[in-house]
Amino acid sequence: MITREQIATVLDHPVHDARGDKIGDAGHVFFDDVTGEPEWVSVRTGLFGTSESFVPIHDAALVEDHLEVPYAKDQVKDAPNVDVDAGGHLSEQEEQRLYQYYGVDWDTGWQDARSGTGQATGTVGTADDAMTRSEEEMHVGVERREAGRARLRKYVVTEEQQYTVPVRHEEVRVEREPITDANRDRAMTGPDITEAEHDVTLYEEQPVVETRAVPKERVRLTTEEVTEEETVTGEVRKERIETEGTDQHGDQRRGH
């Protein structure tokens, strides 16, 4: 069981479950109005400690720099919601509801500790008689998650290309030359009058198209980190402490 002298070591320190997993940080310690002993500890859980759960401190133990409670982490986080700011006290109904949730026998063990009283309240306490005022601070972090996927896919498209190339062909041209002394002998070698044929083969060029695969470039996917600034808005709660009392005439006074 935690003593009053150990409260300073408990407040704002980690709270672990029975398996050693961290549940959150201790926010408040509530004392029993009758015995004056520590009875409950509130644990700040959730993202950035925005939730606060109550857990019995009777069977808790101080281990090095953290408080260890004999309950599972999920059980503490799912405990019934209690208004921590409701005057610094737990109502009898709230405390009984918490006892039932944690399986504590309300009718025997805990009432015996109060010497028969039926009142079940607690007060926010620290290591001395002062009251601790706390504020929530917003801590903004980042988490890495998958935003999408990219894939390289190769496919074939067909496109039409045009090229102009010169092509050559042969055409028949008739040449006539008169009989001269220089060619007379060759002209008189044949018969005088006869029929004859002479063939000439004509040639032409035609475009020929062929394709072959030629490597052009290599493509790969890489990633790079780009840093952008985003504004995050959240709500934080602050505790206010005020005093209440009466003056010599019996009128109620209130101050901060």
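Residues numbered from 1 in each chain as written. Predicted model: local features only at pLDDT ≥ 70, side-chain atom pairs only at ≥ 80, totals over all residues. Heavy atoms only, no water.

## Re the overall build of the chain
Phase 1 of the analysis: Regarding its fold elements, the chain presents five helices and nine strands.
Phase 2 of the analysis: Listing each helix as α and each strand as β along the chain from the N terminus yields α-β-β-β-β-β-β-α-α-α-β-α-β-β.
Phase 3 of the analysis: In the chain, buried positions account for 24% of the 256 residues.
Phase 4 of the analysis: Restricting the contact set of the chain to residue pairs at least 6 apart, pairs at least 24 apart contribute 57%.
Phase 5 of the analysis: Roughly 21400 Å² of accessible area belongs to the chain as shown, and the carbon and sulfur atoms make up 45% of that amount. (Helix = DSSP H or I, 4+ residues; strand = E, 2+ residues; numbered from the N terminus. Buried < 20%, exposed > 50% of the residue type's maximum accessible area, 1.4 Å probe, protein only. Contact = heavy atoms within 4.5 Å. Areas by Shrake-Rupley, 256 points an atom, 1.4 Å probe, with all protein chains shown as cover.)

## Section: the pattern of salt bridges
Phase 1 of the analysis: Per the counting criterion, the structure on display carries ten salt bridges.
Phase 2 of the analysis: With a shortest N-O distance of 2.9 Å, Arg 168 and Glu 205 are connected by a salt bridge. A residue pair is termed long-range when its members are at least 10 positions apart, and Arg 168 in the loop between strand E7 (122–125) and helix H5 (184–187) and Glu 205 in the loop between H5 and strand E8 (243–246) qualify at 37 residues.
Phase 3 of the analysis: What makes Glu 205 partly exposed here is its relative accessible area of 34%.
Phase 4 of the analysis: Salt-bridge contacts for Arg 173 lead to Glu 175; the nearest nitrogen and oxygen are separated by 2.9 Å.
Phase 5 of the analysis: For Glu 175, a relative accessible area of 62% translates into the label exposed.
Phase 6 of the analysis: Counted as one network, the salt bridges with shared partners bring together Glu 52, Glu 136 and Arg 237. (Salt bridge = Lys/Arg side-chain N within 4 Å of Asp/Glu carboxyl O.)

## A closer look at the side chain of Asp 17
Phase 1 of the analysis: Mapped onto the elements, Asp 17 comes out in the loop between strand E1 (14–16) and strand E2 (22–32).
Phase 2 of the analysis: For the buried residue Asp 17, which engages in no salt bridge, the nearest side chain bearing the opposite charge is Arg 19, 5.6 Å off.
Phase 3 of the analysis: There is a polar contact of 2.8 Å between the side chain of Asp 17 and the backbone nitrogen of Asp 21.
Phase 4 of the analysis: Within the structure, the side chain of Asp 17 is placed 3.2 Å from the backbone nitrogen of Lys 73, a separation counted as a polar contact. (Lys, Arg positive; Asp, Glu negative; His and termini not counted. Polar contact = N/O pair within 3.5 Å; in protein donor to acceptor, adjacent residues only side chain to side chain.)

## A word on the confidence of the model for the chain
Phase 1 of the analysis: In the predicted model, the chain carries a mean pLDDT of 81, and the fraction of residues at 70 or more is 82%.
Phase 2 of the analysis: Scored below 50 in pLDDT, residues 112–126 shows 53 contacts in the model against residues more than four places distant or in partner chains. (pLDDT = per-residue confidence, 0-100.)

## Quick notes on the packing of aromatic side chains
Phase 1 of the analysis: Counting across every chain of the model gives four aromatic pairs.
Phase 2 of the analysis: Taking 5.1 Å as the distance between ring centres and 85 degrees as the angle between the ring planes, the aromatic pair formed by Tyr 101 and Tyr 102 counts as edge-to-face.
Phase 3 of the analysis: Ring-pair connections join several aromatic residues into one group, and the members of that group are Tyr 71, Tyr 101 and Tyr 102.
Phase 4 of the analysis: Against the face of Phe 31 rests Arg 4, its NZ or CZ located 4.4 Å from the ring centre. (Phe/Tyr/Trp six-rings, centres within 6.5 Å; stacked < 30°, edge-to-face > 60°. Lys NZ or Arg CZ within 6 Å of the ring centre and 35° of its normal.)

## Focus: the nonpolar core
Phase 1 of the analysis: If you look at the biggest cluster of nonpolar residues, it comprises 28 residues, and the most contacted ones within it are Trp 40, Val 41, Val 55, Leu 67, Val 69 and Tyr 102.
Phase 2 of the analysis: Broken down by secondary-structure element, the contributors of at least two residues to this core are helix H1 (7–10), E2, strand E3 (38–45), strand E4 (51–56) and helix H3 (92–102).
Phase 3 of the analysis: Per-element accounting of this core gives the leading share, five residues, to E2.
Phase 4 of the analysis: With near-sequence residues (within four places) excluded, Tyr 102 lies in contact with Trp 40, Phe 54, Val 55, Pro 56, Tyr 71, Gln 75, Val 76 and Ala 79. (Core = buried A, V, L, I, M, F, W, Y, C linked by side-chain atoms within 4.5 Å.)

## As for the environment of Ser 134
Phase 1 of the analysis: Its location among the elements puts Ser 134 in the loop between E7 and H5.
Phase 2 of the analysis: Assessed through its relative accessible area of 16%, Ser 134 is described here as buried.
Phase 3 of the analysis: Sequence separation between Ser 134 and His 28 is 106 residues, and the spatial gap between their C-alpha atoms is 9.1 Å.
Phase 4 of the analysis: Those residues in contact with Ser 134, other than ones at most four positions away along the chain, are Lys 238 and Glu 239.

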